[in-house]
There are 2 protein chains.
Amino acid sequence: MTLPSKVRIFEVGARDGLQNEKQMVPADIKVELIERLVDAGITAIETGSFVSPKWVPQMADTTDVMAKLSRQENVTYAVLTPNMKGYEGAIAAKADEIEIFSAASEAFNQKNINCTIAESLERFEPVTEAAKAAGIPYRASISCALGCPFEGDVAVDVVADVSKKLYDMGAYEVSIADTIGVGTPIRTKKVIEAVANVIPLEVIGVHFHDTYGQALANYLAALEMGISRFDSSVAGLGGCPYAPGATGNVATEDVVYMLDGMGVESGIDLKKLVKTAWFISNFLGRPPVSSVARALKNKLN
Amino acid sequence: MTLPSKVRIFEVGARDGLQNEKQMVPADIKVELIERLVDAGITAIETGSFVSPKWVPQMADTTDVMAKLSRQENVTYAVLTPNMKGYEGAIAAKADEIEIFSAASEAFNQKNINCTIAESLERFEPVTEAAKAAGIPYRASISCALGCPFEGDVAVDVVADVSKKLYDMGAYEVSIADTIGVGTPIRTKKVIEAVANVIPLEVIGVHFHDTYGQALANYLAALEMGISRFDSSVAGLGGCPYAPGATGNVATEDVVYMLDGMGVESGIDLKKLVKTAWFISNFLGRPPVSSVARALKNKLN
């Protein structure tokens with residue numbers, strides 16, 4: 001089994017995670033969470049989003065969070081920006097990079113942002129043009145790439161087509177997201193294969209959910225394909241909006257444990273990461289959605 | 001990725017699972033659990049053990065459970081038998097097959113059964129001889145095959161050596177157990193490779209725990225090696241005696257979901273299995289330790 005020797009983990013807990021938690025988390029706690037994650041070795045982190053506070057009140061304080069952070073040189077602080085207004089917020093907050101997203105499902109796009117896939121890509125054009133002009137890198141994420149809550153199966157060709165368009169618009173990374181966690185390893189390999197036929201393998205990232213417990217098996221399948229860009233969420237923050245009570249984002253701790261065991265370098269200190277998982281979980285008043293964090297709870301010293 | 005087209009799942013929830021639950025479960029509930037599992041398509045099931053009720057009170061009613069079961073022709077009802085007294089109990093209860101076990105760690109064997117690995121194998125000889133004479137098949141399990149709570153790392157050569165001895169004693173299956181769930185996929189492949197050097201690949205089984213969330217990734221690694229004998233526990237029954245609050249046995253539902261997604265046949269009906277997971281979990285008063293069971297809770301009709 002030849003795997004990449006090194007991977008980049010993009011930590012999504014502070015945005016994708018906390019956005020889907022019921023509880024509101026104050027800016028100071030978010031700042032402490034992000035700074036602890038950076039201290040544990042995270043070098044790419046989603047810190048918030050600039051979207052309407054009417055729709056996503058959990059992220060209304062992103063400007064405040066960005067201003068309060070003690071930022072480190074080697075760390076990328078990314079924010080989600082769905083439109084020009086969001087882009088302007090990101091620039092004002094001095095974000096290092098921005099993220100845009102589309103879905104590989106027409107039905108999901110309609111229900112989620114009320115437009116077709118093609119229209120959603122058009123809407124991002126002013127944002128990507130502005131980012132290019134300003135020299136701000138951006139990454140793109142494709143939701144529902146392994147299945148859709150409304151459509152069910154999603155054709156790998158559609159995922160490949162959307163990937164190509166986002167890559168051609170200038171994204172330095174295109175992240176294939178299994179938004180509802182239904183993917184299994186063979187399907188994962190087929191999607192990656194289809195996408196790798198149209199964009200370079202080294203820009204493909206993966207974002208898997210643990211709703212059906214498949215995330216690590218899918219990451220293993222992706223590693224076996226040569227993928228080295230992984231999204232995950234400390235403590236498994238997030239939950240699954242499509243299955244209340246179920247898991248969403250895979251926990252970063254569980255991913256790092258697997259990588260450590262296989263000698264694949266992530267640069268992350270597992271003990272510090274697990275302490276951070278317990279820090280935010282204690283604030284939320286529940287144990288982390290992470291097997292590793294629970295197993296290591298009493299073994300941290 | 002060429003995988004076996006078909007696997008056998010050996011369901012351990014009613015014994016290995018319930019033995020490690022704090023709550024005592026009445027014989028009638030165990031009978032209903034086992035019959036529901038069989039109705040879901042399980043064809044090999046651990047129904048109990050014949051060990052001292054002083055040490056394992058949860059299994060004191062195995063004779064009663066075996067007597068009450070409506071047994072199906074095509075199903076193997078197995079029991080754990082550590083010694084001749086246990087073997088006699090198994091015969092009296094008309095068990096279809098028996099199980100013996102050793103550890104791949106001297107320290108674990110000493111703490112667990114107060115003898116060396118070699119001595120433990122000697123002690124099983126009268127049992128295996130009697131079973132052979134009576135035509136009762138037996139399978140063997142090797143605990144701590146990927147790590148030991150006392151010794152830490154366990155050499156793959158020791159696992160291979162113990163496997164060979166148990167196979168030579170007549171076991172039709174030798175199950176490699178990651179008792180504390182510390183294994184990751186590359187290690188899993190190395191252990192299987194070492195064992196497959198000394199006994200036929202088709203008699204090797206695997207028994208993985210989800211303590212660090214690695215079980216499905218490890219099963220995928222084992223499938224990629226051609227392994228087709230898997231242990232798992234409905235609802236993830238069992239917990240981890242070495243890390244209180246942590247997960248032990250991987251949930252059968254999560255394994256079956258992965259197999260279904262990859263077109264690997266297990267003969268198990270996932271919905272019936274998930275209903276069974278909720279049946280026993282409701283009795284125990286907590287949700288199943290299974291991502292699939294939680295995600296499908298409201299999608300069963």
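To start, this report covers the structure provided alongside it. (Residues numbered from 1 in each chain as written. Chains lettered and ligands numbered in written order. Predicted model: local features only at pLDDT ≥ 70, side-chain atom pairs only at ≥ 80, totals over all residues. Heavy atoms only, no water.)

1. Considering the side chain of A:S143
Here's step 1: The topology assignment puts A:S143 in strand β5 (residues 138-143).
Here's step 2: Given the relative accessible area of 14%, A:S143 is considered buried. (Helix = DSSP H or I, 4+ residues; strand = E, 2+ residues; numbered from the N terminus. Buried < 20%, exposed > 50% of the residue type's maximum accessible area, 1.4 Å probe, protein only.)

2. Some thoughts on the sheet that holds strand β7 (residues 204-208) of chain A
Residue and element names in this part refer to chain A.
Here's step 1: The strand order around the closed barrel formed by 8 strands is β1-β2-β3-β4-β5-β6-β7-β8, and the pairing between neighbours is parallel. Strand-to-strand twist of the sheet, defined as the mean angle between neighbouring strand axes without regard to direction, takes the value 30°.
Here's step 2: Where β5 meets strand β6 (residues 173-178), 4 bridges bridge the pair, whose relative direction is parallel. Note on β6: the bridge partner recorded for S141 is S175. (Pairing = 2+ DSSP bridges. Axes fitted to C-alpha atoms, helices over the stretch in contact; angles between N-to-C directions.)

3. Quick look at the packing of aromatic side chains
Here's step 1: Counted by the stated rule, this structure contains 10 aromatic pairs over all chains.
Here's step 2: Seen from their ring centres, A:F101 and A:F124 are 5.8 Å apart, and the 65° between their planes marks the pair as edge-to-face. Highlighted residues: A:F101 in strand β4 (residues 97-103) and A:F124 in helix α6 (residues 117-134), separated in sequence by 23 residues. Of the two residues examined, A:F101 and A:F124, each falls in the buried class.
Here's step 3: Ring centres 6.1 Å apart and planes at 35° place the aromatic pair B:F108 and B:F150 in the tilted group. Of the two residues, B:F108 sits in helix α5 (residues 106-113) while B:F150 sits in the loop between β5 (138-143) and α7 (156-168), which places them 42 residues apart along the sequence.
Here's step 4: Overall, B:F108 belongs to the buried group, its relative accessible area being 4%.
Here's step 5: In this structure an aromatic cluster arises from ring pairing among A:F208, A:Y219 and A:F230.
Here's step 6: A cation over an aromatic ring shows up here: A:K111 above the ring of A:F150, its NZ or CZ 4.8 Å from the ring centre. (Phe/Tyr/Trp six-rings, centres within 6.5 Å; stacked < 30°, edge-to-face > 60°. Lys NZ or Arg CZ within 6 Å of the ring centre and 35° of its normal.)

4. A closer look at the packing of α5(B) against helix α6 (residues 117-134) of chain B
All names here are of chain B.
Here's step 1: Running from N to C, α5 and α6 point in directions that differ by 55°, and their axes come no closer than 9 Å. With respect to their mutual orientation, α5 and α6 come out oblique. Mapping the contact onto sequence places E106, N109 and I113 in α5 and I117, S120 and R123 in α6.
Here's step 2: Of the residues belonging to the contact of α5 with α6, the class tally is 2 nonpolar, 2 polar and 2 charged. (Parallel < 35°, antiparallel > 145°, perpendicular 65-115°, else oblique. Contact = heavy atoms within 4.5 Å. Nonpolar A, V, L, I, M, F, W, Y, C, P; charged D, E, K, R; others polar.)

5. Some remarks on the environment of B:A160
Here's step 1: You can see B:A160 is positioned in helix α7.
Here's step 2: Between the C-alpha atom of B:A160 and that of B:L80, which follows or precedes it by 80 residues, the distance is 22 Å.

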